[in-house]
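What the coordinates show
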Amino acid sequence: MEEKIQFKELGPNKPDLIISEQTKEKNKAYNRSFCRSWFMRKSWLTGCGIANALFCFPCILLKSDKFNVDTVRTN
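Overview of the structure. Source: prediction; values computed, not measured.

1. A few points about the side chain of threonine 46
Residue placement: threonine 46 occurs in strand E3 (residues 45-48). Every residue in contact with threonine 46, bar those within four places of it in the chain, is listed here: Pro12, Asn13, Phe39, Ala53, Leu54, Phe55, Cys56, Phe57 and Ile60.

2. Considerations on the pattern of salt bridges
Using the criterion set out here, one finds two salt bridges in the structure. For aspartate 16, the salt bridge goes to arginine 36, with nearest N and O atoms at 3.4 Å. Of this pair, aspartate 16 sits in the loop between helix H1 (2-10) and strand E1 (20-25) while arginine 36 is found in the loop between strand E2 (28-33) and helix H2 (38-41), placing the two residues 20 residues apart along the sequence. What makes aspartate 16 exposed here is its relative accessible area of 65%. Overall, the relative accessible area of 42% leaves arginine 36 in the partly exposed class. With a closest N to O distance of 2.7 Å, arginine 32 and glutamate 21 form a salt bridge. Of this pair, arginine 32 sits in strand E2 while glutamate 21 sits in strand E1, placing them 11 residues apart in sequence. Judged by relative accessible area, arginine 32 falls into the exposed class, the value being 52%. Exposure remark for glutamate 21: the relative accessible area of 40% places this residue in the partly exposed category.

Parameters and conventions
- Residues numbered from 1 in each chain as written.
- Predicted model: local features only at pLDDT ≥ 70, side-chain atom pairs only at ≥ 80, totals over all residues.
- Heavy atoms only, no water.
- Helix = DSSP H or I, 4+ residues; strand = E, 2+ residues; numbered from the N terminus.
- Contact = heavy atoms within 4.5 Å.
- Salt bridge = Lys/Arg side-chain N within 4 Å of Asp/Glu carboxyl O.
- Buried < 20%, exposed > 50% of the residue type's maximum accessible area, 1.4 Å probe, protein only.

So this is what it looks like as structure tokens:
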């Protein structure tokens, strides 16, 4: 529980992430990528530099104790 309290006090992690995806639909290619400004527009958004992924900050706080907060906080 102390771990979650400390995690909450630190607030959402906002690392530099490189997330991109290319999809193809009906013979047309689409490129999607993460834009750092999303952190400004979505205060609930947090990122993990190790997993190179985005998460919902409140969801992490409410997740069961089995969730490893250190993994998301690192980097």
